[in-house]
Amino acid sequence: MSQDKNASNLPASWLWGAVALGALGVLGSYAAAGPERFWANWVFWFVLLFTLGLGSLFIVALEHLVNAKWSVPIRRIPERLATLLIPSIPVGLIALGAIPVLYPGARPEAAHHPLLAGKAFWLSLPFFSARTIVALALCLLGLWVLVGGSLKQDATKDPAFNFRARKFAPAFMAIFALVVTLVAFDWISGLTPEWYSDIFGVYVFAGAFLSGLAATALAVLHLQDQGRLEGVRGDHLYNLGGFLFAFTVFWSYIGFAQYMLMWYANLPDEVIWYKVRLQGAWHLITLVLAGLHFVLPFFALVTRDSKKDPRRLRRVAYLMLGAHVLDIYWLIFPILGASPRFSWPELSFALFFLGGILLWVRGAMQKGEDMPVGDPFLREGLEFRL
Amino acid sequence: MPETSYAVLGVFETPDALMKAIPQVRAAKLGAVEAYTPYAIHGIEEALGLRKSPLGGMVLVMGILGAITAFGFQYWISAVDYPIITGGKGAGSWEAFIPIMFEVTVLFATFTAGLGMLFLLNKLPFFGHPVLSSKSIKGITRDRYVLALEAESEAFDSTAAARALQAAGAIEVEALPAPDRSPFLTSDYVLRTLGGIFTACVVAGMAMYFATKWFPVLAPMKYMQEQPRLNAQKASSFFKDGHGMQLPVAGTVARGYLPTATGTQEEAASLVNPLPRTPEVFALGKKVYTNRCEVCHGAVGNGVGSLTAAYGAKPANLQAQQFLDYPDGKIYWAIVNGKNAMPSHAPYLSERERWAVVDYVRALQRAQNAKDEDLKVATR
C-alpha cells in the first residue's frame, strides 16, 4: 500500500535511532546543563505535544458541534493525531517534576512574596499537580468519547454515535476551554507568576488549533501522496487552508491585542514580560515570530488557489508547525535568561520527542480505516463542493 | 431575422443536458456563451470558461492601500504636523495605530468588494436585463436551464445560433431582439443623476443654513456641553463657597509668578529689564505680543487692534511720544498691574515673558521711528 513517493518518509529504524540518541542527550543534559535547562526543555515539549493533540481533538469536536459534513472524509486524520494526548499523559506526569524547579509560585519563598502570597495555595505543588492531572483526565475523556466512539462506528455502522457525539460536543467545548486555559496559565504563564493576562488562554488556544490544523493538512497531503484518502479533493483542502488562514489572523489579533493593552497601560508587573522579549536577541526572535506566524502565511494563503494547491498548502502547513514551535519556545525559554538557549540539549530533546511523535503518528496512520466508513455522512462529505 | 438581436436563448430540461451542450455551443464560436439557471450548478464556471474574477485582487490592493493610508494619516497627524506625547509614548508610536489601520483596511476592502462587485463587475445600475423580458424567464426561475448565445458584433447570425443550440439539444429556442434603448448606463442618465444629486445637496444645504440661522441654539445632542464639570464664571455646588472658580490657596504663589512691581507705576520706573537682548528673547516677546496684546494694541502698537472697535475703551497708542519716552519699568508695571480699562496680565505671563514683551514693544517703537543708522544696521 505504501508506495513511498515522499522523501520525508524516513525509515522507522532511523526514527528509533533518533529517539535513542535523543534519550542519551536528554539524560546527559540533566547532568551537564543543569536541572533548570532540562526541565525548561521538558515543559516545552510537553506543551507542544499537548497543544498538538488537544488542537486536533478540537477539530474533531468542532465538526460534531456544528454538524459539519465536508470534514467527515478527513476526520480520521485529526482523530489519529488527537491520540497524541495519550503519550502526553506520561510526559505531563514527569513534567510535574519541573514544578519545584521552574515555578516560583510553588517554592516556599512564595508565601512571603507580596505579589504571590495571595495566590500561594493556587500555585502550590499539590494543587498545581492536581489541576494538571484533572486536565489530562478530561482530555482522555474527550478522546474516549469522540475518537473511541468513532473508531467503534467503523465496525458497527451505528448512526447513534453521531447523535451521541453531537450531544457531547458542546460539553466538550466547555471542558476544552477549561483545559486549555488551565494548561496555559499553569504551565506557561506560571513560569512568571507575577505576570498575568486574561486573554492568555485564548492565545494558546489559537496556537493549539493552528498546530492541529497544520498537522492535519500535512497528514492528509501525505496520505494522498500514498494514494490513500481517495475522494478528498481541492474543495476539502480549501476549507483546511481557509481555517489556517483565518486562524493565523486570529492568533495575531489576540497576540497583538494582549501586547497593545499592556504596552499602553505600561504597568511594571505587566510590561516586564514583554520587556524581556523585546531586548537583545529575543527582540529578533519576536520579530521573526511575527513574520513566520502571521505575515508569511497570510500572504501565502490569501489567494483562493493557494488554499487548494497541495504544494503551497503543504509548505504553509510546515511553516505553521514551525511557527508554533517557535511560539512556544518564545513563551517558555526567556526564563532561562536574556540570551536564547539553543544547542545540544535542545537538539537532543528535539530528536527524542520529534522521533517519538513521528513514530506514534505513523503507527496511528497505519491502524484501521483511513476514513470513518461507518459515518452515515461520509458520502455527503465526499460530494462536498465549494 | 431583420432587426439586430441581443441573444438567442436555448432552453434545456436538465442541468446535465445544459452542461453537455456548453462545450458544443462554445465550439460553434457564434457569440458569447452565458448560462441562466435557477440555482448554482457546480463546475459551470469552468465549463463556460469564465475568467477568474478580478475582485480578489482589487480587494487585496485596496486593503493594503487602506492600511498604508491609515498609517500615514495617523503618523502625519501625531508625529509630523502636531507632534504630541500622550501617555508617555513617543510621538508616532506605531502600536497605537494598529487598531485603526486594521479598521481602515477592512473598510477599504469591504467597500471595494461590495461596490466593485455591484458597479464595476455587474455594471449596475441598469434598467432591467434583456433576459428578464424574455419568454423563457419564467422557466429560468423555476425548472429550466437556459444557455444564451449573446451577440458580440453586427455580424451575429441569429439563425445559425438557433440552429447550433438546437443541435446541442435545446428543446426550445427564443430569439431576443436588442432592446431599443440601452438598459445600461448612458451619459444622459449619468447627467440626470448628477443633476439630481446636486439639487438635493443645494436644498439640504440651504435648509441647514437657515435652520442654524433661525434656531441657533437647537442642538440635537448636548452631551458634550452637559458634563458634570466646573465651568468658568459659573456657580458650582462642588465648593463650599458655591463658586466654580477658586482663588489660589492663601499665601501661595504659582512657580514663576512671584508678585513684582507691587508699588506705584512711578516707583517701577527704575526697574531694569534683566533679559539680554537676544534673538530668542525677541522671538518670545513677539509670540507673547501677537497672542496677548495685538488684539487691542494692533500689530504695530498704534492702538488699533481688531478688538478696538468692539471694546469700549481706547487702547493706548504705544507709538505716542509719551510712551516712546517711557522707561521699561513703567511698561512692565502696566503689564503686571493693568491700567484703567487694560486688565492685568500677571496671571498669564511669566516673569520672563513680561520682560520679553517689553523688549518687543521697544522694538516696535523703534521700527516705526527708524533713523538712518538703524537702516544701516538692518541692511548690514
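Residues numbered from 1 in each chain as written. Chains lettered and ligands numbered in written order. Predicted model: local features only at pLDDT ≥ 70, side-chain atom pairs only at ≥ 80, totals over all residues. Heavy atoms only, no water.

A. A look at the overall build of chain B. Looking only at helices and strands, chain B features 13 helices and 4 strands. With the C-alpha coordinates of chain B rotated into their principal frame, the extents come out at 115 × 60 × 45 Å. In chain B, which comprises 380 residues, the proportion classed as buried is 29%. Considering only residue pairs separated by 6 or more positions, chain B has 69% of its internal contacts joining residues 24 or more positions apart. Distance between charge centres in chain B, computed from 34 positive and 32 negative side chains, equals 8 Å. (Helix = DSSP H or I, 4+ residues; strand = E, 2+ residues; numbered from the N terminus. Buried < 20%, exposed > 50% of the residue type's maximum accessible area, 1.4 Å probe, protein only. Contact = heavy atoms within 4.5 Å. Lys, Arg positive; Asp, Glu negative; His and termini not counted. Charge placed at Lys NZ, Arg CZ, Asp CG, Glu CD.)

B. Broad picture of the pattern of salt bridges. On inspection of all chains with the given rule, the structure shows 19 salt bridges over all chains. Note that Asp235 of chain A and Arg233 of chain A form a salt bridge whose closest N and O atoms lie 2.9 Å from each other. Put simply, Glu266 of chain B and Lys330 of chain B hold a salt bridge, and the shortest N to O gap is 3.1 Å. You can see Glu266 of chain B sitting in helix α8 (residues 265-268) and its partner Lys330 of chain B sitting in helix α11 (residues 328-337), a full 64 residues away along the chain. Three or more residues are tied together by salt bridges with common partners; here these are Glu63, Arg75, Arg76, Glu79, Asp154 and Asp375 of chain A. (Salt bridge = Lys/Arg side-chain N within 4 Å of Asp/Glu carboxyl O.)

C. Region of the structure containing the confidence of the model for chain A. Across chain A, the average pLDDT comes to 92, with 98% of residues at or above 70. When the criterion is pLDDT under 50, residues 1-7 of chain A qualifies, and its contacts beyond four places in sequence or with other chains add up to 10 contacts. (pLDDT = per-residue confidence, 0-100.)

D. A look at the interface of chain A and chain B. The interface of chain A with chain B comprises 12 residues on the first partner and 12 residues on the second. Between chain A and chain B lies a buried interface of about 1100 Å² when both sides are counted; carbon and sulfur atoms form 74% of it. Summed over the three residues of chain A that lose the most area to chain B, namely Phe256, Trp263 and Tyr264 of chain A, the buried surface amounts to 42% of that side. Connecting chain A to chain B are 1 salt bridge. The salt bridge involving Lys52 of chain B is made with Asp305 of chain A; its shortest N-O contact spans 2.9 Å. Joining chain A to chain B, the criterion identifies 5 residue pairs in polar contact (both at pLDDT 80 or more). Looking at the side of chain A that touches chain B element by element, the count peaks at 6 residues for helix α10 (residues 234-265) of chain A. Residue composition of the side of chain A that touches chain B, grouped by class: 9 nonpolar, 1 polar and 2 charged. (Buried area = accessible area lost by both parts, 1.4 Å probe. Polar contact = N/O pair within 3.5 Å; in protein donor to acceptor, adjacent residues only side chain to side chain. Nonpolar A, V, L, I, M, F, W, Y, C, P; charged D, E, K, R; others polar.)

E. How the structure looks around the side chain of Arg131 of chain A. All names here are of chain A. Relative to the helices and strands, Arg131 is located in helix α7 (residues 125-156). The exposure class of Arg131 is buried, given its relative accessible area of 5%. In this view, Arg131 contacts Trp122, Leu182 and Asp186; residues no more than four positions away in its chain are not counted.

F. How the structure looks around helix α8 (residues 160-188) of chain A. Taking 1.5 Å per residue as the helical rise, α8 of chain A with its 29 residues ought to reach 42 Å, and the 39 Å between its terminal C-alpha atoms agrees with that figure. Roughly 35° is the biggest bend found in α8 of chain A, and it falls at Ala169 of chain A, with proline Pro170 of chain A one to four residues downstream. (Expected span 1.5 Å × (residues − 1). Bend = angle between axes of the 7 residues up to and from the residue.)

G. Main features of the domain arrangement of chain B. Structurally, chain B comprises domain 1 (1-185) and domain 2 (265-372). With centres defined by C-alpha atoms, the gap from domain 1 of chain B to domain 2 of chain B works out at 72 Å. (Domains from an automatic or database assignment.)

H. The state of the cysteines, seen in detail. All names here are of chain B. Using the criterion set out here, one finds 0 disulfides over all chains in the structure. Just so you know, Cys296 is unpaired, no disulfide at all, and the nearest cysteine sulfur is the one on Cys293, 8.6 Å from it. The exposure class of Cys296 is buried, given its relative accessible area of 17%. (Disulfide = S-S within 2.5 Å.)

I. Spotlight on the sheet that holds strand β2 (residues 32-36) of chain B. Residues and elements named next belong to chain B. Spatial strand order, β2-β3-β1-β4: 4 strands in an open sheet with antiparallel pairing. Of all strands in the sheet, those with a lone pairing partner are β2 and β4 (172-177), marking the two edges. Averaged over neighbouring strand pairs, the angle between their axes works out to 25° when direction is ignored. With 5 bridges connecting them, β2 and strand β3 (residues 145-150) associate as antiparallel partners. Note that in β3 the partner of Glu34 across the bridge is Ala148. Sheet contacts for helix α6 (residues 158-167): β1 (5-12), β3 and β4; angle to β1, the most-contacted strand, approximately 15°. (Pairing = 2+ DSSP bridges. Axes fitted to C-alpha atoms, helices over the stretch in contact; angles between N-to-C directions.)

J. The arrangement of the packing of α11 of chain B against helix α12 (residues 351-368) of chain B in detail. Residues and elements named next belong to chain B. Running from amino to carboxyl end, α11 crosses α12 at an angle of 125°, the nearest separation of the two axes being 10 Å. On the basis of their axis angle, the class for α11 and α12 is oblique. α12 is crossed by α11, and the crossing has right-handed handedness. Contacts between α11 and α12 pair Asp328, Gly329, Ile331, Tyr332, Ile335 and Val336 from the former with Glu351, Arg354, Trp355, Val357, Val358, Val361 and Arg362 from the latter. For the contact of α11 with α12, the residue count by class is 8 nonpolar, 1 polar and 4 charged. (Parallel < 35°, antiparallel > 145°, perpendicular 65-115°, else oblique. Left-handed = near helix turned anticlockwise from the far one by under 90°.)

K. How the structure looks around the confidence of the model for chain B. For chain B, per-residue confidence averages 88 on the pLDDT scale, and 96% of positions sit at 70 or higher. Model confidence for the complex is summarised by a pTM of 0.72, with the ipTM given as 0.83.

L. Structural detail: a nonpolar patch on the surface. All names here are of chain B. Together, Phe71, Phe73, Tyr75, Trp76, Ile77, Val80 and Trp94 give the surface a local cluster of nonpolar side chains, amounting to about 720 Å² of exposed area. With 6 residues, helix α3 (residues 55-81) is the largest single contributor of residues to the nonpolar patch. The topology assignment puts Trp94 in helix α4 (residues 94-121). For Trp94, a relative accessible area of 44% gives the class partly exposed. (Patch = residues over 30% accessible without salt bridge, like charges linked within 9 Å, V, L, I, M, F, W, Y side chains within 5 Å. Areas by Shrake-Rupley, 256 points an atom, 1.4 Å probe, with all protein chains shown as cover.)

M. Up close: the packing of aromatic side chains. In total, this model carries 59 aromatic pairs over all chains according to the counting rule given. Ring geometry for Phe172 of chain A versus Phe176 of chain A: centroids 6.2 Å apart, planes at 40°, classification tilted. Placement of the pair is Phe172 of chain A and Phe176 of chain A together in helix α8, with a separation of 4 residues, close to one helical turn. Here Phe172 of chain A falls in the buried class, since its relative accessible area comes to 1%. Here Phe71 of chain B and Phe97 of chain B contribute two aromatic rings whose centre-to-centre distance is 5.6 Å and whose plane-to-plane angle is 70°, an arrangement assigned as edge-to-face. Of this pair, Phe71 of chain B sits in helix α3 while Phe97 of chain B sits in helix α4, and the two are 26 residues apart along the sequence. (Phe/Tyr/Trp six-rings, centres within 6.5 Å; stacked < 30°, edge-to-face > 60°.)

N. The arrangement of the packing of α10 of chain A against helix α14 (residues 310-332) of chain A in detail. Residue and element names in this part refer to chain A. In contact at an axis separation of 11 Å, α10 and α14 are set at 35° when each is read in the N-to-C sense. Read as a crossing pair, α10 and α14 show a hand that is left-handed. Listed contacts from α14 to Leu237, Gly241, Leu244, Thr248 and Trp251 of α10 are Pro310, Leu313, Met320 and Asp327. Along the lines of polarity and charge, the residues of the contact of α10 with α14 split into 6 nonpolar, 2 polar and 1 charged.

O. How the structure looks around helix α15 (residues 344-366) of chain A. Residues and elements named next belong to chain A. Between the first and last C-alpha of α15 there are 33 Å, a value that for 23 residues agrees with the 33 Å anticipated at 1.5 Å per step. Buried residues of α15: Pro345, Glu346, Ser348, Phe349, Ala350, Phe353, Gly355, Ile357, Leu359, Val361, Ala364 and Met365, and no others. Buried-residue contacts for α15 involve α1 (12-32), α2 (35-66), α3 (76-82), α4 (85-95) and α9 (200-225). Downstream of α15 by a residue or two, Gly368 has a phi angle that is positive, lying close to 70°.

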